[in-house]
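Residue-level structural notes
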Amino acid sequence: MTRDPIQRVAQTTRPGHKRALLIIGAGPAGLSAARAAAQAGWQITVVDDNPAPGGQIWRSGPGAAPQPASRSLQTALAALPHVRLLCGTRVVAAQGTGALLLENAEQAWVQAYGALILCTGARELMLPFPGWTLPGITGAGALQALIKSGLPVRGQRIVLAGSGPLLLAAAASARRAGAHVLRVAEQASAAQIARFTAGLWRWPGKAVQALGLLSTQYRSATHATAALGAQRVEAVQLRHGERDYTLACDRLAVGFGLVPNAELGRLLGCASAQDADGKAVVAVDARQATSLPGVFAAGECTGAGGVERSMAEGRIAGLAATGQAVPQQALAERTHWAAFGKHVAEHFVLAPALRGLARPETIFCRCEDVVFADVAACSGWTEAKLATRCGMGACQGRVCGAAAQHLWGWQAPSPRPPLVPARVGTLGLMAKKPSFTIAPTIDPTHP
Ligand SMILES: Cc1cc2nc3c(=O)[nH]c(=O)nc-3n(C[C@H](O)[C@H](O)[C@H](O)COP(=O)(O)OP(=O)(O)OC[C@H]3O[C@@H](n4cnc5c(N)ncnc54)[C@H](O)[C@@H]3O)c2cc1C
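Quick caveat, the model's predicted, so the values are computed rather than measured.

1. Comments concerning the overall build of the protein
Of regular secondary structure, the protein possesses 14 helices and 24 strands. On C-alpha atoms alone, the protein measures out to a radius of gyration of 22 Å, which is about the 22 Å that the 2.2 N^0.38 rule sets for 447 residues. If one aligns the C-alpha atoms of the protein with their principal axes, the spans along those axes are about 65 × 50 × 40 Å. Going through the 447 residues of the protein one by one, you find that 53% of them count as buried. For the protein, the computed accessible surface area is about 19500 Å², with 57% contributed by carbon and sulfur atoms. Of note, the protein has its 42 positive side-chain charges centred 5 Å away from the centre of its 26 negative side-chain charges.

2. Observations concerning the site of the ligand
The environment of the ligand is made up of 29 residues, and the closest members are Ala-29, Asp-48, Asp-49, Glu-300 and Ser-310. Separating an oxygen atom of the ligand from a side-chain N or O atom of Asn-50 is a distance of 3.1 Å. Here Ser-310 contributes a side-chain N or O atom positioned 2.9 Å from an oxygen atom of the ligand. Taking 980 Å² as the accessible area of the ligand by itself, protein coverage stands at 90%. Where the shell around the ligand is concerned, the elements lending two or more residues are helix H2 (28–38), strand E5 (90–94), strand E9 (122–124), helix H4 (140–148), helix H5 (165–176) and helix H9 (307–321). Its residues assigned to classes, the shell around the ligand shows 11 nonpolar, 13 polar and five charged.

3. Focus on the state of the cysteines
Here the structure, examined in full by the defined rule, presents zero disulfides. Cysteine Cys-367 shares no disulfide, and the gap to the nearest cysteine sulfur, in Cys-395, comes to 3.9 Å. Lacking any disulfide linkage, Cys-378 is separated from the closest cysteine sulfur, that of Cys-390, by 7.9 Å.

4. Focus: the packing of aromatic side chains
Within this structure, the stated rule accounts for seven aromatic pairs. On the numbers, 6.1 Å between centres and 80° between planes, the contact of Trp-337 with Phe-340 is edge-to-face. With Trp-337 and Phe-340 both in helix H10 (residues 328–347), this residue pair falls three residues apart, about one helical turn. What makes Trp-337 buried here is its relative accessible area of 15%. The class for Phe-340 is buried, based on a relative accessible area of 8%. Arranged with centres 5.4 Å apart and planes meeting at 35°, the rings of Phe-364 and Trp-408 form a pair that is tilted.

5. Notes on the nonpolar core
Membership of the largest hydrophobic core comes to 41 residues, with the highest contact counts inside it found for Leu-127, Val-236, Leu-238, Leu-252, Phe-364 and Cys-390. With five residues, helix H13 (residues 400–408) is the single largest residue contributor to this core. Aside from chain neighbours lying at most four places away, what touches Phe-364 is Pro-128, Trp-132, Val-370, Val-371, Phe-372, Val-375, Cys-390, Cys-400, Ala-403, Ala-404, Leu-407 and Trp-408.

6. Let's talk about the domain arrangement of the protein
Where the parts come together, the accessible area they lose is often given as the size of the interface. Entries for the protein in the domain assignment read domain 1 (5–123 + 259–345 + 422–438), domain 2 (128–255) and domain 3 (353–408). Residue-level contacts link 17 residues of domain 1 with 13 residues of domain 2. Between domain 1 and domain 2, roughly 1100 Å² of surface is buried when both sides are summed, and carbon and sulfur atoms account for 66% of that area. Of all residues in domain 1, the largest losses of buried area upon contact with domain 2 belong to Arg-59, Phe-340 and His-343, amounting jointly to 45% of the total for that side. Counting the contacts that link domain 1 with domain 2 gives one salt bridge. Summed over the shared surface of domain 1 and domain 2, the result is four residue pairs in polar contact (both at pLDDT 80 or more). Broken down by secondary-structure element, the contributors of at least two residues to the side of domain 1 that touches domain 2 are H9 and H10. A per-element tally of the side of domain 1 that touches domain 2 places H10 first, with six residues.

7. Examining the packing of H9 against H10
For the pair H9 and H10, interaxial distance at closest approach is 8 Å and the crossing angle is 150°. Considering their axes alone, H9 and H10 lie roughly antiparallel with respect to each other. As for the relative orientation of H9 and H10, their crossing is left-handed in sense. Each of Glu-308, Arg-309, Ala-312, Glu-313, Arg-315 and Ile-316 in H9 lies in contact with H10, whose residues at this interface are Gln-329, Ala-330, Leu-331, Glu-333, Arg-334, Trp-337 and Ala-338. Considering only residue class, the contact of H9 with H10 consists of six nonpolar, one polar and six charged.

8. Here we look at helix H12 (residues 381–388)
Of all the residues in H12, the buried ones are Trp-381, Ala-384 and Thr-388. Along the long axis of H12, the arc covered by the buried residues comes to 70°, so they all point the same way. The exposed set on the far side of H12, more than 90 degrees from its buried face, consists of Leu-386 and Ala-387. Close packing links the buried residues of H12 with strand E23 (370–371), helix H11 (372–376) and H13.

9. So, the side chain of Thr-225
By secondary structure assignment, the location of Thr-225 is in strand E14 (residues 222–228). Dropping the residues within four chain positions of it, Thr-225 is found in contact with Phe-129, Pro-130, Gln-237, Leu-238, Arg-239 and Leu-357.

Conventions we followed
Residues numbered from 1 in each chain as written. Predicted model: local features only at pLDDT ≥ 70, side-chain atom pairs only at ≥ 80, totals over all residues. Heavy atoms only, no water. Helix = DSSP H or I, 4+ residues; strand = E, 2+ residues; numbered from the N terminus. Rg over C-alpha atoms; globule rule 2.2 N^0.38 Å. Buried < 20%, exposed > 50% of the residue type's maximum accessible area, 1.4 Å probe, protein only. Areas by Shrake-Rupley, 256 points an atom, 1.4 Å probe, with all protein chains shown as cover. Lys, Arg positive; Asp, Glu negative; His and termini not counted. Charge placed at Lys NZ, Arg CZ, Asp CG, Glu CD. Near = heavy atom within 4 Å. Polar contact = N/O pair within 3.5 Å; in protein donor to acceptor, adjacent residues only side chain to side chain. Nonpolar A, V, L, I, M, F, W, Y, C, P; charged D, E, K, R; others polar. Disulfide = S-S within 2.5 Å. Phe/Tyr/Trp six-rings, centres within 6.5 Å; stacked < 30°, edge-to-face > 60°. Core = buried A, V, L, I, M, F, W, Y, C linked by side-chain atoms within 4.5 Å. Contact = heavy atoms within 4.5 Å. Domains from an automatic or database assignment. Buried area = accessible area lost by both parts, 1.4 Å probe. Salt bridge = Lys/Arg side-chain N within 4 Å of Asp/Glu carboxyl O. Axes fitted to C-alpha atoms, helices over the stretch in contact; angles between N-to-C directions. Parallel < 35°, antiparallel > 145°, perpendicular 65-115°, else oblique. Left-handed = near helix turned anticlockwise from the far one by under 90°. Arc of directions from axis to C-beta.

Set out below in structure tokens:
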């Protein structure tokens with residue numbers, strides 16, 4: 001068989017195949033969208049760049065069995081012959097209107113759609129501070145993901161620092177895996193946390209969940225000021241009010257909230273909006289429709305708000321994208337959980353002090369080794385890119401661009417294709433701009 005990526009997958013289909021729904025992201029939003037859409041009988045393809053479905057919260061692996069909610073959705077979808085799940089597959093570019101260029105480990109192809117739902121979720125916000133790039137330091141959710149994927153942490157001393165409920169969820173995962181969680185440092189004040197907790201009566205399930213995650217090591221009004229170590233992290237400096245202290249540790253996990261993955265929406269030309277913090281989100285209407293005809297968005301790419309909100313939005317998007325009626329109850333559910341997302345955002349606002357942690361020599365863009373002083377001297381994101389190469393490395397500014405937005409309010413320019421680093425063969429396919437669309441033949445590795 002030829003290894004040419006085009007030849008290996010070519011099978012012509014009609015351009016803009018009317019009853020074909022493409023969903024990007026197999027997290028809670030994407031799986032819920034597929035389940036709701038499936039009732040309409042369309043051909044549904046769900047694509048996710050992770051090796052298995054579940055997104056962030058339902059990530060499973062050697063260190064974590066699939067969660068019941070995820071398993072039940074996946075089982076239901078697996079029984080439907082018109083629903084296909086392609087994991088380990090990512091979006092590289094838009095290919096004209098009504099098609100995306102996709103790539104997996106073996107091949108690239110152009111996938112046509114009649115309707116598209118973006119369920120690309122969110123990532124963690126990382127803010128630079130001295131030592132933050134030392135080995136042994138990860139995002140809080142990233143540590144959780146690594147543990148679920150089998151990273152051994154038994155007996156290790158772990159400190160978590162940053163803000164938001166994800167810190168507690170990650171700490172619980174670390175503890176279950178046998179780690180000693182020395183500190184969960186939450187930057188929000190005790191008063192903010194008290195008001196957050198007092199308001200949880202509106203979401204009783206969340207109140208119960210919060211109780212289950214409580215830790216004697218939890219400290220409010222505390223943040224990391226520096227990570228110390230020669231070859232890898234050996235200790236973290238923490239500040240509580242006016243008091244600085246150091247904790248020796250084997251790992252430090254940091255997260256300052258979530259950044260919506262709105263890049264694909266922007267690449268396609270969907271209008272963006274800004275959340276309360278000024279972060280770009282994919283703008284949607286009451287039916288989860290974006291500004292582009294036939295393109296919908298659901299879940300945390302439209303704004304961070306938790307798993308239940310993502311599922312409610314996914315369901316609405318799946319129904320609306322396939323022309324089904326959206327019941328009032330689905331809209332009410334979304335309203336209920338959107339309020340929870342707002343409640344979290346209001347009470348975990350980042351303190352101004354976190355904008356002043358980096359020193360001039362602190363690495364700001366870890367892909368291109370650009371220091372903080374060089375970026376801070378620029379007038380905006382475009383100058384920073386041109387003058388320092390900040391944001392031009394492998395992550396394409398997903399980490400440092402979000403930090404720059406938080407520190408200086410810089411909005412990143414619209415992304416350009418390819419959306420992610422891609423193989424040369426894939427780029428060749430992108431350049432070809434075919435007048436017909438091609439889709440993968442039934443692939444034995446993705447039954
Ligand atoms: C690292 C991390 C860990 C988290 N852990 C928890 C937790 O323990 N508890 C909790 O309550 N909340 C957690 N959250 C919050 C969580 O994101 C949401 O509650 C929930 O998972 C959101 O669901 P979603 O479907 O909107 O997005 P996600 O679950 O993020 O799913 C989006 C999916 O889309 C895929 N994707 C994105 N872009 C592309 C692309 N271009 N091509 C192909 N696939 C793509 C992603 O890989 C991902 O699998 C976590 C968030 C993060 C960032």
